[in-house]
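Observations on the three-dimensional arrangement
Chain residues, written in single-letter form:
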Amino acid sequence: MNDFKYRKSELYAEDVPVAKIAERTGTPVYIYSHGTLVRHYRAFKEAFDGYPHVICFALKANSNAAILRLLAREGCGADVVSGGELFFAQKSGMPANKVVYAGVGKTEEEIAYALKSRILMFNVESSEELAAIDRIAGKLKTKAPIALRVNPDINASTHPYISTGLKKHKFGIPIEKALEYYGLAAGLRNIRVIGIHKHIGSQITKVEPFVDALKKILTLAQDLRSRGIDIKYLDIGGGLGISYNNEKGLPGPKELAKAIIPLIKLYDFTLILEPGRSIVGNAGILVTRVLYLKQQPEREFVIVDAGMNDLIRPSLYDAYHHIQHVKKNRRPLKPVDVVGPICESGDFFARGRMINLPRHDDLLAVMSAGAYGFSMSSNYNGRRRAAEVLVRGKEFFVIREREEYTDLIKEIRVPDFLK
Ligand code: LLP
């Protein structure tokens, strides 16, 4: 569900014509809907209402401070994977006691920062990391609250790059080793074991993998409790898929809750959820302007002013993003490649896509771009990162200015001998 709809033949973001925003900010521009964001967050809240829980938004999906602040106001916490994301969360008013911290490569500096911030828990991914956290917590004369990220060896049936819960992946601790590692953790002086964590992948479009993984984790949690290791927090990660191409019948938070709560309702856990994409994915679009049409011997190209540096998902995962005209036209439907200006053949948003042939200067909207869009963007090819706008009803707010050329060189230092 989203708030980007046509009125007559013109695309609106809530009550604002998309073209009006593009006129003001220029293109490419990311546009987010306040209403969709709030609704998606509340859908989680309501679905899990009957069970103690904390929703920790996965900042990697989108870390614009305005969006984080909006979520924080709704009561949302954060799932972070770096010191930078922890900093964003704190700056945006997400309370530290609702922050969980995952990732296979936490540095000493990051661990110390998180300890000093008093986050809810570290989701620990290896024995060496556990030892490092213990050592750093000792130095800081504190105890580190931790969960072990357990890899349940469940196939999430998603793109291999965003699947994380199999034996061959770098993530988590193999479930067969979990008891041993928990034993180790429980014996460390500066570690307080409080939870168990799993995350098996992203863009998962069925509830079964969640249920299968949870069952495995629950057996482990029971074992741990019977050994006197107090598991309070059950962190089931993120990963709920969204519709990119009008797919119907995908499970939402309600269906997830329905499948999961019966399995845990007899235990007094606090459930932690780490949704990213399912909150912000369909709450954002990327608007780009057509620069040129170019007929090559074998294909027709629509060259737009956004590139793979702005939205890398099609290039990296062959991901499908729906592309719509901001102003519908009645020109002939033709298969085209919608591509950016970057000097790589992998710089495309769609290939062989049937759309009404656009003209120079038309605006196109790349849909479902709110998650892993801006957050994965870069300055490749010397491109300034896009502007971002938040729409609320009839109003819209620039929540990130487009970068200036000077931003591109502000960290560069040229040694004196070259001056
Ligand atoms: N928790 C952990 C530990 C994660 O690794 C992730 C995503 C999430 C939560 C949030 O997952 P979500 O609810 O958003 O599916 N760049 C890729 C997605 C990478 C996901 C990485 N981890 C994409 O554009 O599809």
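Residues numbered from 1 in each chain as written. Predicted model: local features only at pLDDT ≥ 70, side-chain atom pairs only at ≥ 80, totals over all residues. Heavy atoms only, no water.

1. A look at the overall build of the protein
How we decide: Numbered from the N terminus, helices here are DSSP runs of H or I no shorter than four residues, and strands are runs of E no shorter than two. It is over C-alpha atoms that the radius of gyration is taken, and the globule rule equals 2.2 Å times the number of residues to the power 0.38. What makes two residues a contact is simply this: any of their non-hydrogen atoms within 4.5 Å. Positive charges come from Lys and Arg, negative ones from Asp and Glu, while His and the chain ends are left out of the count. Taken as the charge centre is NZ of Lys, CZ of Arg, CG of Asp or CD of Glu, depending on the residue.
Helix and strand counts for the protein stand at 11 helices and 21 strands. Taken over C-alpha atoms, the radius of gyration comes to 23 Å for the protein, in line with the 22 Å a tight globule of 419 residues would show. With the principal axes as the frame, the protein shows a C-alpha extent of 70 × 65 × 45 Å. Intrachain contacts of the protein at a sequence separation of at least 6 include 70% that bridge at least 24 residues. Side-chain charges in the protein split into 61 positive and 47 negative, and the spacing between the mean points of these groups amounts to 3 Å.

2. Focus: the packing of aromatic side chains
Threshold: To pair, rings of Phe, Tyr and Trp, with the six-membered ring standing in for Trp, must have centres within 6.5 Å; the planes then decide the type, stacked if under 30 degrees apart, edge-to-face if over 60, and tilted in the middle. Between buried and exposed lies partly exposed: a residue is buried under 20% and exposed over 50% of the maximum accessible area for its type, with that area taken using a 1.4 Å probe on protein chains only. To sit over a ring, a charge needs its Lys NZ or Arg CZ within 6 Å of the ring centre and within 35 degrees of the ring normal.
One pass over the structure, following the stated rule, counts 4 aromatic pairs. Aromatic side chains Tyr30 and Phe374 sit 6.1 Å apart centroid to centroid with 80 degrees between the ring planes, which places their arrangement in the edge-to-face category. Of this pair, Tyr30 sits in strand E4 (residues 29-33) while Phe374 sits in the loop between strand E19 (363-366) and strand E20 (387-392), and the two are 344 residues apart along the sequence. The exposure class of Phe374 is buried, given its relative accessible area of 5%. Taken together, a centroid distance of 5.3 Å and an interplanar angle of 25 degrees make the contact between Tyr267 and Phe269 stacked. The buried category is assigned to Phe269, whose relative accessible area is 3%. One aromatic cluster is present, formed by Tyr30, Tyr32 and Phe374 through successive ring pairs. The lysine or arginine in question, Arg7, covers the ring of Tyr12, its NZ or CZ lying 4.4 Å from the ring centre. We note Arg384 situated over the ring of Tyr405; from NZ or CZ to the ring centre the distance is 4.3 Å.

3. Regarding the site of the ligand
Threshold: Note on definitions. A residue lies near a molecule or strand when any single heavy atom of the residue is within 4 Å of it. Pairing of N or O atoms within 3.5 Å defines a polar contact, subject to two protein rules: one partner must be a possible hydrogen donor and the other a possible acceptor, and residues neighboring in sequence count only if both atoms are side-chain atoms. Whether a set of points on the 1 Å grid over the protein atoms alone is a cavity depends on a 1.4 Å probe fitting there but being unable to get out, while an open set qualifies as a pocket with protein on both sides within 12 Å along at least five of seven lines; lining residues are those with an atom within 4 Å of a point. Molecule-in-pocket calls rest on the fraction of atoms, with more than half required to lie within 2 Å of the cavity or pocket grid points. Ten residues, namely Ala, Val, Leu, Ile, Met, Phe, Trp, Tyr, Cys and Pro, are considered nonpolar, four, namely Asp, Glu, Lys and Arg, are considered charged, and the remaining ones, Gly among them, are considered polar. Domain delimitation in this document rests on an assignment produced automatically or drawn from a domain database.
Surveying the vicinity of the ligand reveals 18 residues, the closest of which are Ser202, Glu274, Arg313, Tyr317 and Tyr372. Contact distances for the ligand include 2.8 Å between an oxygen atom and a backbone N or O atom of Gly239. Within the side chain of Arg313, one N or O atom sits 2.6 Å away from an oxygen atom of the ligand. Of all the cavities here, the one that holds the ligand is the largest pocket. Here the residues of the shell around the ligand sort into 6 nonpolar, 6 polar and 6 charged. Residues from two domains meet in the shell around the ligand; each of domain 1 (4-31 + 281-408) and domain 2 (95-275) gives at least three.

4. Looking at unusual backbone geometry
Cis rather than trans, the peptide bond between Thr27 and Pro28 has omega equal to -5 degrees. In this fold, Pro28 is placed in the loop between helix H1 (18-25) and E4. One non-glycine residue, Gln203, lies in positive phi territory at about 55 degrees. In this structure, Gln203 sits in the loop between strand E11 (191-197) and helix H8 (208-226). For Gln203, a relative accessible area of 15% translates into the label buried.

5. Observations regarding the packing of helix H4 (residues 83-91) against helix H5 (residues 108-117)
Condition: Axis lines are fitted through C-alpha atoms, for helices just across the contact stretch, and the angle between N-to-C directions can take any value from 0 to 180 degrees. Here the angle decides the label: under 35 degrees means roughly parallel, over 145 means roughly antiparallel, 65 to 115 means roughly perpendicular, and every other value means oblique.
Their axes nearest at 9 Å, the elements H4 and H5 cross at an angle of 25 degrees. Judged by the inter-axis angle, H4 sits roughly parallel to H5. Contacts between H4 and H5 involve Gly83, Leu86, Phe87 and Gln90 from the first element and Glu110, Tyr113, Ala114 and Ser117 from the second.

6. Structural notes on helix H2 (residues 34-47)
Just so we agree on the cut-off: For a helix, the expected span equals 1.5 Å multiplied by the residue count minus one.
With 14 residues, H2 extends 20 Å between its outermost C-alpha atoms, agreeing within 8% with the 20 Å of an ideal straight helix rising 1.5 Å per residue. Looking at H2, one finds that the buried residues are Thr36, Leu37, Val38, His40, Tyr41, Phe44 and Ala47. Where the residues of H2 are buried, they touch E4, strand E5 (53-58), helix H3 (65-73), helix H9 (253-264), helix H10 (277-280) and E20. Of the residues that open H2, the one with a side-chain oxygen 3.4 Å from the backbone nitrogen of Gly35 is Ser33.

7. Some remarks on the domain arrangement of the protein
Put simply, an interface is often sized by how much accessible area is lost when its parts join up. Put simply, the rule is: The term buried area means the drop in 1.4 Å probe accessible area that two parts suffer when joined, counted for both and summed. Put simply, a salt bridge is a Lys or Arg side-chain nitrogen that is within 4 Å of an Asp or Glu carboxyl oxygen.
Along its sequence, the protein is organised into domain 1 (4-31 + 281-408) and domain 2 (95-275). Taking the mean C-alpha position of each, domain 1 and domain 2 sit 35 Å from one another. With both sides pooled, the region where domain 1 packs onto domain 2 buries about 780 Å², and carbon together with sulfur makes up 56% of that total. Along the contact surface separating domain 1 from domain 2 lie 0 salt bridges. Where domain 1 packs against domain 2, one counts 2 residue pairs in polar contact (both at pLDDT 80 or more). Residues belonging to the side of domain 1 that touches domain 2 are distributed by class as follows: 4 nonpolar, 5 polar and 1 charged.

8. A few points about empty space enclosed by the protein
The test is simple: Grid points are joined across faces, edges and corners, and a volume is the space filled by probe spheres set on the points.
Applying the stated criterion across every chain yields a total of 1 cavity of 30 Å³ or more. What the largest cavity holds in volume is close to 40 Å³. In this structure, the largest cavity is lined by Phe44, Phe210, Gly237, Gly238, Gly239, Leu240, Leu256, Leu273 and Pro275. Of the residues contributing to the lining of the largest cavity, the split by class is 6 nonpolar, 3 polar and no charged.

9. Structural notes on the environment of Lys394
With respect to the element layout, Lys394 can be found in the loop between E20 and strand E21 (395-400). Given the relative accessible area of 70%, Lys394 is considered exposed. Residues Lys394 and Leu316, 78 residues apart in the sequence, show an inter-C-alpha distance of 35 Å.

10. Examining the layout of surface pockets
Over the atoms rolls a probe the size of a water molecule, and in doing so it shows where empty space is left. Volume-wise, the largest pocket comes out at about 920 Å³. Around the largest pocket, the lining is made up of 48 residues, and of these Ala58, Lys60, Val81, Glu85 and Tyr372 lie nearest the centre. Elements that contribute at least two residues to the lining of the largest pocket include exactly H4, H10 and helix H11 (313-317). Per-class residue counts for the lining of the largest pocket are 17 nonpolar, 17 polar and 14 charged. Of the residues that make up the lining of the largest pocket, three or more belong to each of domain 1 (4-31 + 281-408) and domain 2 (95-275).

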